[in-house]
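Structural overview for review
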There are 2 protein chains.
Amino acid sequence: MYDHVKGVRDFYPGEMGARRAVIDSLENVARRYGFREIGTPAIESADLYIEKSGEEIVEELYSFEDKSGRHVALTPELTPTVARMVVAKQQELAKPIKWVSTRPFWRYEQVQQGRYREFYQLNADVFGSSEPAADAEVLAFAADALTELGLGSRDFEFRVSHRDILGGMLESIDTDIDVQAAIRAVDKSEKVEQGEYYGLLEDAGLDRESAREFDRVLSSGDLEEVLEFAGTERVESAVSNLQTVLDTASRLGVGEYLTLSLETARGLDYYTGVVFECFDSTGEVSRSVFGGGRYDGLIESVGGQPTPAVGVAPGLAPLSLLLERAGVWPDEAIATDYYVLRVGESDRVEEVAARITRELRSGGQVTETDISGRSFGAQMGYADSIGAETVVIVGEQDLANEQVTIKEMASGDQTTAPVEAFPGEHDRPTYDDFA
Amino acid sequence: MYDHVKGVRDFYPGEMGARRAVIDSLENVARRYGFREIGTPAIESADLYIEKSGEEIVEELYSFEDKSGRHVALTPELTPTVARMVVAKQQELAKPIKWVSTRPFWRYEQVQQGRYREFYQLNADVFGSSEPAADAEVLAFAADALTELGLGSRDFEFRVSHRDILGGMLESIDTDIDVQAAIRAVDKSEKVEQGEYYGLLEDAGLDRESAREFDRVLSSGDLEEVLEFAGTERVESAVSNLQTVLDTASRLGVGEYLTLSLETARGLDYYTGVVFECFDSTGEVSRSVFGGGRYDGLIESVGGQPTPAVGVAPGLAPLSLLLERAGVWPDEAIATDYYVLRVGESDRVEEVAARITRELRSGGQVTETDISGRSFGAQMGYADSIGAETVVIVGEQDLANEQVTIKEMASGDQTTAPVEAFPGEHDRPTYDDFA
């Protein structure tokens, strides 16, 4: 007996139905915002990640040589791929470019709750606008996507910050600081002890005193404190940009989900402006659910014209933890509109059952019929197991009276209908139409 | 500048929109038939293919060692995976099991028109019924799926045969014949010269005389000739099974799409009963578009209880060739319900535009607005480029009169609407509602 490989999952119909409902809901909100679906490959040149993504991603890369010696990798994230696609058609694409897709990615990492080696993400990105309105639109989309799933402001919050606030503050301390390393330390600050956090900041080039003061200002969450700590043009402009983004997003109706949080940094190196992470407001789901932000340098770094970009990427697995915690994970039960049950093997029974099945399906109804040569009782048992709402019984006796029997499964009530009138003009005929 | 790797494809929004419409249509028909969606991993143990799939697939396998030395492969087909999933929950799953999914697969093969190294397939399978009704349901689903896409009987045909007809005929010639090799030869017969075909049959153990006679009977397409050539119980039972499947599928309304074709064999080793392939009736698309059939031995071979199975797997790329040839490939144009255009930067303009955008989106309308700080003209140009049906102009002047302007893009007609009444109670307010 074979098993799936470690870290990937099989989804059976009940769970998959719920996942599909979540994906459809997310994509539907993206569609309303004017994000257009794209399709992207699962395999890319390994170089695309080795040169552009953070160290962490490269360590976890599923990479190998294909049969002609190309060094390829299973895509661990979408951003480098969409950046490549923007570059390939930079001239012809109308800006802003607003793209969305939902698909699996692969990272060889430690398997834990809500984290797998094969994981599904929706990615929504806007290319070609450096305006705060673009950041705000991405934030508003992400918040609307969550409320559409039944979450409210007591369930989630977006902690929002700006990379240039961190970068500008660090730069004002000492220009020799390894800013990326220090930002990665901030990204880890909530997950490690304070001592370890200060150690990481010191490794990045801060002395103990500066690390302490830097931490104090970030924890204050007060933009006035930030400006006092580092009143440089870079920090001032970041603070102003962040405020405009928050105001614009609020106008789009999602202000109640946004919290200023200077300790939010995002792990990936390529972010350049506003960054945000979604958290469970109750803290029960302890890790960041997903995140996003602005990455204005990436397109140029893969060979394109300088092109501002901002995006967000909700992952299905961590999102499902939040939806379950909040009690709004979709129902996993299987639903079926009709089961057409055959009694007897005469040509007439077969023909009538086939016609009814065909017509119900043509009308868009989820309809099953016997394909296993089963008894009445076994067919009823199966109809029940697939949650059939109505069972249409086609039998010799009823047909002698030109009738079929319509059984409502929830109540057990049944009645007869003239065989020629079923389904007839009805879109979705039920017991009530004939009782 | 990076490119995608050879044999995979990037899909930009226009083309992706058309592909999504095709996938949605196929899945919608599958749903009506009671097929339930499952989710499956992209990575499996390489053993699953090396031991069970045909030689051809193994040669084309993207396989590699993961970071802990597991020999894994990118899934080249779905059947071994679903067989494994059936085995894992054999006791709890209600039979028949009817599963569907659409996803990419990977084979390292020669890239040509309609054939890529990364390719998308819908797979629909029925497990747990050996009855002809199950084969018929799969055929009916596949035919309905194509007619739903706008294809008719002048566009496609399913060539249907039965593996035991071939196997039984070969066995009756000489029990030493390598039946799998001979069946693979039949599968190739339409693609190679007659001399090469006979050569392959001889390699499989037929003498020249038998090869010629075998070929003659197959080409005749006459089941009487088959029974005369080999009147064994196995062949008789296969002929009778095939006839019942064709009759049952006809009752489900798809008889006109089915053709008996004894030369249809399918390349994969695991088929055991009815097999079929879909062809372009005009012959313009020269290769088989997709195929399916019964594979009763596979579940047992991956460690499960003996479980009959039948399935079909339309591939998007060859299907798109057929849809294009028939002129029914979906429109690739991008559509947008509303563009909300802002003139001026006053708070009032920003607020009204944000509210209208928010309300239209809440009502399910695809709505874009300016996120790039553009001029009136540039915004109009963008609205045109995304195919906006209606442009709502929010400007200082109109607002002074408590109005917004509604412009119908197709005609260029425009009118004003009271700002508070837009969108108001209307689900999808247009120029006509206010003119």
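Residues numbered from 1 in each chain as written. Chains lettered and ligands numbered in written order. Predicted model: local features only at pLDDT ≥ 70, side-chain atom pairs only at ≥ 80, totals over all residues. Heavy atoms only, no water.

1. Points about the relation of the copies chain A and chain B
Once chain A has been moved 0.0 Å along the axis and rotated by 180°, it coincides with chain B to within an RMSD of 0.0 Å. Both chain copies can therefore be described as sitting about a two-fold axis. The C-alpha atom lying nearest the rotation axis in chain A is that of Phe64 of chain A; the distance is 3.1 Å. A high fraction, 100%, of the interface residues of chain A reappear at the interface in chain B, so the copies pair face to face through one surface. (Least-squares fit on C-alpha atoms with pLDDT ≥ 70 in both. Contact = heavy atoms within 4.5 Å.)

2. As for the pattern of salt bridges
Taken as a whole and judged by the stated rule, the model has 60 salt bridges over all chains. Among the salt bridges present, the one from Glu359 of chain A reaches Arg355 of chain A, with a minimum N-O distance of 3.3 Å. Taken together, the positions of Glu359 of chain A and Arg355 of chain A, both in helix α14 (residues 347-362) and four residues apart, correspond to about one turn of that helix. Owing to a relative accessible area of 32%, Glu359 of chain A belongs among the partly exposed residues under this scheme. A salt bridge links Glu389 of chain A to Arg428 of chain A; the nearest nitrogen and oxygen atoms lie 3.1 Å apart. In this pair, Glu389 of chain A sits in strand β14 (residues 388-395) while Arg428 of chain A sits in the loop between β16 (414-418) and α17 (431-434), placing the two residues 39 residues apart along the sequence. The partly exposed category is assigned to Arg428 of chain A, whose relative accessible area is 34%. The network of salt bridges with shared partners includes Arg36, Lys98 and Glu137 of chain A together with Arg361 and Glu368 of chain B. (Salt bridge = Lys/Arg side-chain N within 4 Å of Asp/Glu carboxyl O. Helix = DSSP H or I, 4+ residues; strand = E, 2+ residues; numbered from the N terminus. Buried < 20%, exposed > 50% of the residue type's maximum accessible area, 1.4 Å probe, protein only.)

3. With respect to the sheet that holds β14 of chain A
All names here are of chain A. The strand order across the open sheet formed by five strands is β13-β12-β14-β15-β16, and the pairing between neighbours is mixed. Since the sheet does not close on itself, it has two edges, and those belong to β13 (367-369) and β16, each with one partner. The mean angle between the axes of side-by-side strands here comes to 25°, regardless of whether they run parallel or antiparallel. Against the sheet, helix α15 (residues 376-385) contacts β12 (336-343), β13, β14 and β15 (403-408), and its axis sits at roughly 175° relative to β12. (Pairing = 2+ DSSP bridges. Axes fitted to C-alpha atoms, helices over the stretch in contact; angles between N-to-C directions.)

4. Some thoughts on the sheet that holds strand β2 (residues 43-45) of chain A
Residues and elements named next belong to chain A. Ordered by their spatial adjacency, three strands build an open sheet running β2-β4-β3, and the pairing between neighbours is antiparallel. One side of each edge strand has no neighbouring strand; the edge strands of this open sheet are β2 and β3 (63-65). Ignoring which end each strand starts from, the neighbouring axes of this sheet average 40° apart.

5. Thoughts on the interface of chain A and chain B
By a widely used convention, the size of an interface equals the accessible area lost when the partners come together. Residue-level contacts link 97 residues of chain A with 97 residues of chain B. Both faces considered, chain A and chain B share a buried interface measuring about 8,000 Å² in area, 58% of it formed by carbon and sulfur atoms. The largest share of the area that chain A buries against chain B comes from Tyr2, Arg251 and Ile371 of chain A, three residues that together contribute 11% of it. Summed over the shared surface of chain A and chain B, the number is 14 salt bridges. As a salt-bridge pair, Arg84 of chain B and Asp10 of chain A come within 2.8 Å of each other at their nearest N and O atoms. Taken together, the links from chain A to chain B amount to 37 residue pairs in polar contact (both at pLDDT 80 or more). Here the element with the most residues in the side of chain A that touches chain B is α14 of chain A; it accounts for seven residues. The class makeup of the residues in the side of chain A that touches chain B is 42 nonpolar, 20 polar and 35 charged. (Buried area = accessible area lost by both parts, 1.4 Å probe. Polar contact = N/O pair within 3.5 Å; in protein donor to acceptor, adjacent residues only side chain to side chain. Nonpolar A, V, L, I, M, F, W, Y, C, P; charged D, E, K, R; others polar.)

6. Structural notes on the pairing of strand β7 (residues 156-162) of chain A
All names here are of chain A. The buried fraction of β7 amounts to six of the seven residues, a majority that puts the element mostly inside the structure. Here seven bridges tie β7 to strand β9 (residues 274-280), and the two strands are oriented antiparallel to one another. Its bridge partner being in β9, Glu157 is matched across the sheet by Phe279. Two strands pair when backbone bridges link them, and β7 and strand β8 (residues 258-260) are joined in this way by three bridges, in the parallel orientation. Among the inter-strand pairings, Val160 is bridged to a residue of β8, identified as Leu260.

7. Concerning the domain arrangement of chain A
Domain annotation for chain A reports domain 1 (13-325) and domain 2 (336-434). The straight-line distance from the C-alpha centre of domain 1 of chain A to that of domain 2 of chain A is 52 Å. (Domains from an automatic or database assignment.)

8. A closer look at helix α15 (residues 376-385) of chain B
When we look at burial in α15 of chain B, the residues that qualify are Gln379, Met380, Tyr382 and Ala383 of chain B. Buried residues in α15 of chain B, looked at end-on, bunch into an arc of 165°, giving them a common side. As for α15 of chain B, its buried residues are in contact with β5 (97-106) of chain A together with β12 (336-343), β13 (367-369), β14 (388-395) and β15 (403-408) of chain B. Within two residues after α15 of chain B, Gly387 of chain B carries a phi angle of roughly 65°, on the positive side. (Arc of directions from axis to C-beta.)

9. Comments concerning the side chain of Glu118 of chain A
Among the structural elements, Glu118 of chain A can be located in strand β6 (residues 118-127). Despite its burial, Glu118 of chain A pairs with no opposite charge; the closest candidate is Arg103 of chain B, at 6.5 Å N-O. A polar side-chain atom of Glu118 of chain A sits 2.8 Å from the main-chain amide nitrogen of Ala42 of chain B. (Lys, Arg positive; Asp, Glu negative; His and termini not counted.)

10. Notes on helix α5 (residues 132-148) of chain B
Residue and element names in this part refer to chain B. Here α5 is 17 residues long and its end C-alpha atoms lie 24 Å apart, about the 24 Å a rise of 1.5 Å per residue gives. Counting buried positions along α5 yields 14 of 17 residues, so the element is predominantly enclosed. After α5 finishes, the residue Gly150 shows a positive phi value of roughly 100°. (Expected span 1.5 Å × (residues − 1).)

11. Overview of the packing of helix α6 (residues 163-173) of chain B against helix α11 (residues 233-254) of chain B
All names here are of chain B. Following both chains from N to C, one finds α6 and α11 inclined at 165°, their axes separated by 8 Å at the closest point. The angle between α6 and α11 places the two elements in the roughly antiparallel class. In this structure, the crossing between α6 and α11 has a hand that is left-handed. Along the contact surface, α6 presents Asp164, Ile165, Gly167, Gly168, Met169 and Glu171, while α11 presents Arg234, Val235, Ala238, Val239 and Leu242. Partitioned by chemical class, the residues of the contact of α6 with α11 number six nonpolar, two polar and three charged. (Parallel < 35°, antiparallel > 145°, perpendicular 65-115°, else oblique. Left-handed = near helix turned anticlockwise from the far one by under 90°.)

12. Focus on the environment of Ser172 of chain A
All names here are of chain A. Residue position: Ser172 is located in helix α6 (residues 163-173). A relative accessible area of 33% means that Ser172 is categorised as partly exposed. Each C-alpha atom, one on Ser172 and one on Thr259, is 25 Å from the other, the two residues being 87 residues apart in sequence. Residues contacting Ser172, with those up to four places away along its chain left out, are Phe229, Ala230 and Thr232. A polar side-chain atom of Ser172 sits 2.7 Å from the main-chain carbonyl oxygen of Met169.

13. Considerations on the packing of α6 of chain A against helix α7 (residues 179-188) of chain A
If you want to describe how two helices pack, look at the angle between their axes and the distance between the axes. Residues and elements named next belong to chain A. Axis separation between α6 and α7 bottoms out at 10 Å; the angle between their running directions is 120°. With respect to their mutual orientation, α6 and α7 come out oblique. α7 is crossed by α6, and the crossing has right-handed handedness. In this structure, α6 contributes Arg163, Leu166, Gly167 and Leu170 to the contact, and α7 contributes Val179, Gln180, Ala182, Ile183 and Val186. In terms of residue class, the contact of α6 with α7 is made up of six nonpolar, two polar and one charged.

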